[in-house]
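Listed below, chain by chain, are the residues.
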Amino acid sequence: MIILSFETSCDETSVAVTKNGKEVLSNVVLSQIDIHKKYGGVVPEIASRNHIAFITTVIEEAIENAKIKVSDIDLVAITEGPGLIGSLLIGINAALAFAYANNIKVIGVNHLIGHIYASNIEHDIEFPALALLVSGGHTELVYMEEHLSFLILGSTLDDAVGEAYDKVGRVVNLPYPGGPAIDKLAAIGRDTYKLPRPYLADKGYDFSFSGLKSAVINLVHNKKQKGETVDVNDLCASFQESVIDVFMYKIKKALEEYKVKNIIIAGGVAANKGLRKRIYEEIKDTKILIPSMQYCTDNAAMIGCAAYYLFLKHGANKDYVLGAISTLDLG
Ligand code: KG4
Ligand code: ZN
């Protein structure tokens, strides 16, 4: 089954061609990061306008790179949420128009399921599995008994981890998005600043990163007021160590309670080198699945991969009725 998939939930305009939920024939990702950088974050209206400007070229390139004909496409898959409503609508309308014009069936895909299924592109997920979904908008620990079954063990009570990374990046004047920049500096810094570890031991598997973020912001402001300098590399290392300590604590706790075959790390923050290193070092008895960098951050290939399994379970939505659901969750 050849799937043409669309992903425009935030600031990446992406279209991919995948085969049978595994083989990536093309995956075109046009990032708008350089456009939004000067504003220090994604400006929704600008993101939507750029999706409009780029989507047609991206579709053409994805089909051309895959070396297929339009008539080879069996299904059009579309991210329907969660995400920025305007951005989602551009991808949805472009995909629906393409599918309708070419008489191809369509299916809506939850962006979060896409992130989790990115791990199934280069590996075969074995169940039961535990998934840590860490992105700019989400921080969730999920138990999966089988394909497409999601039991949310814990979520963030406030900021998503990627959001905390981006805000900390801003306070130490790093370019947007803060995550990759902090990760890079953390590798050359040391964990010297005493930052809190929000383990939330009494809250099961829930997370909270706003206190940690505020601790960093207060530290920077206090130093500034006293005319002292901050060692940015060390501050990045200290922040990142705290975040990773929390993730390791929750993962180990979940592994004691749930016997799983695989641990999946998904979402943009799964690209974090420090997190990848610690998890491989400390978890030896359970197979770890982390997508390669290109499939960690937003991309349409993961949507096509998830769509295949969703199609097997639910079939397609043939009447072309599909709307954007900005607050869609995994449940
Ligand atoms: O999954 P994603 O591309 O978009 C959302 O669905 O949110 O994730 C984007 C987030 C941003 O907050 C970005 O700073 C973070 O992923 N990120 C990282 C790294 N690369 C991207 N965070 C930590 N370390 C990284 N290497
Ligand atoms: Zn994402």
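All values reported here derive from a predicted model rather than from experimental measurement.

What counts, and at which threshold
- Residues numbered from 1 in each chain as written.
- Chains lettered and ligands numbered in written order.
- Predicted model: local features only at pLDDT ≥ 70, side-chain atom pairs only at ≥ 80, totals over all residues.
- Heavy atoms only, no water.
- Near = heavy atom within 4 Å.
- Polar contact = N/O pair within 3.5 Å; in protein donor to acceptor, adjacent residues only side chain to side chain.
- Areas by Shrake-Rupley, 256 points an atom, 1.4 Å probe, with all protein chains shown as cover.
- 1 Å grid on protein atoms, 1.4 Å probe; cavity = no way out; pocket = protein on both sides within 12 Å on 5 of 7 lines; lining within 4 Å.
- Sits in = over half its atoms within 2 Å of the grid points.
- Buried < 20%, exposed > 50% of the residue type's maximum accessible area, 1.4 Å probe, protein only.
- Helix = DSSP H or I, 4+ residues; strand = E, 2+ residues; numbered from the N terminus.
- Pairing = 2+ DSSP bridges.
- Core = buried A, V, L, I, M, F, W, Y, C linked by side-chain atoms within 4.5 Å.
- Contact = heavy atoms within 4.5 Å.
- Phe/Tyr/Trp six-rings, centres within 6.5 Å; stacked < 30°, edge-to-face > 60°.
- Bend = angle between axes of the 7 residues up to and from the residue.
- Points joined across faces, edges and corners; volume = space filled by probe spheres on them.
- Nonpolar A, V, L, I, M, F, W, Y, C, P; charged D, E, K, R; others polar.

Undergrad: So what about the site of ligand 1? Which residues, and what values?
TA: By nearness alone, 19 residues border ligand 1, and H115, G136, D166, G268 and N272 come closest of all. At 3.1 Å, a side-chain N or O of H111 approaches an oxygen atom of ligand 1. Here ligand 1, which alone exposes 550 Å², has 88% of that area covered by the protein. Judged by its atoms lying within 2 Å of the grid points, ligand 1 is housed in the largest pocket.

Undergrad: Talk me through the pairing of strand β7 (residues 139-144); I want residue IDs and the actual numbers.
TA: Burial analysis of β7 places 6 of its 6 residues in the buried class, the great majority of the element. Going residue by residue along β7, you find T139, L141 and Y143 tucked away on one face and E140, V142 and M144 tucked away on the opposite face as well. As paired elements, strand β6 (residues 129-134) and β7 share 6 bridges and run antiparallel to each other. Paired with V134 across the bridge in β7 is T139. Here β6 folds back onto β7, and the loop between the two strands holds 4 residues. Pairing of β7 with strand β8 (residues 151-155), which is carried by 4 bridges, proceeds in the antiparallel orientation. Across the sheet, residue L141 finds its bridge partner in β8, namely G154. The antiparallel pairing of β7 with β8 creates a hairpin that spans 6 residues between the two strands, and L148 there sits at a positive phi of about 60°.

Undergrad: A description of the nonpolar core should follow, citing residues and the corresponding values.
TA: Ranked by size, the top nonpolar core spans 51 residues in total, and within it L195, F209, F239, F247, I251, I265 and I279 carry the most contacts. Of all elements in the fold, only β6, β7, α6 (161-171), α7 (178-186), α8 (210-225), α9 (232-257), β9 (262-266) and α10 (273-282) reach the threshold of two or more residues within this core. No other element matches the 12 residues that α9 contributes to this core. The residues touching I279, leaving out its near neighbours within four places in the chain, are M248, I251, I263, I265, I288 and I290. With 37 residues, the next largest nonpolar core counts I116, I125, L289 and Y295 among its residues.

Undergrad: Explain the packing of aromatic side chains to me, and be specific about the residues and the numbers.
TA: Aromatic ring pairs are described here by two measures, namely the spacing of the ring centres and the angle between the planes. Taken as a whole, this structure holds 9 aromatic pairs when the rule is applied. Ring plane angle 85° and centroid distance 5.2 Å describe the contact between Y100 and Y320, whose orientation is recorded as edge-to-face. Remark: Y320 occurs in the segment after α12 (300-314) and Y100 occurs in helix α3 (residues 85-101); sequence separation between them is 220 residues. Between F209 and F247 the ring centres are 5.7 Å apart and the planes differ by 65°, which places this aromatic pair in the edge-to-face class. Placement of the pair is F209 in the loop between α7 and α8 and F247 in helix α9, with a sequence separation of 38 residues. Judged by its relative accessible area of 1%, F247 falls in the buried class. Joined through ring pairs, the aromatic side chains of Y117, Y308 and Y309 make up one cluster.

Undergrad: Explain helix α2 (residues 44-66) to me, using residue names and the numbers behind them.
TA: The largest bend along α2 measures about 45° and falls at F54. Residues of α2 that are buried include every one of A47, S48, N50, H51, I55, V58, I59, A62, I63 and A66, and no others. Considering only its buried residues, α2 is in contact with β1 (2-7), β2 (12-19), β3 (23-31), α1 (33-37) and α3.

Undergrad: Before we move on, could you go through the layout of surface pockets and cite the residues and values that matter?
TA: To find the voids left in a structure, one rolls a probe of water-molecule size over its atoms. What the largest pocket holds in volume is close to 1300 Å³. Along the wall of the largest pocket there are 48 residues; nearest its centre are S135, G136, G137, D166 and Y176. The element best represented in the lining of the largest pocket is α6, accounting for 6 residues. The residue makeup of the lining of the largest pocket, split by class, is 18 nonpolar, 20 polar and 10 charged. Empty space within the second largest pocket amounts to approximately 230 Å³.

Undergrad: Describe the environment of D319, with residues and values.
TA: Mapped onto the secondary structure, D319 falls in the segment after α12. Relative accessible area serves as the criterion here: at 52%, D319 is assigned to the exposed category. For D319 and K105, which are 214 residues apart along the polypeptide, the C-alpha to C-alpha distance reads 8.1 Å.

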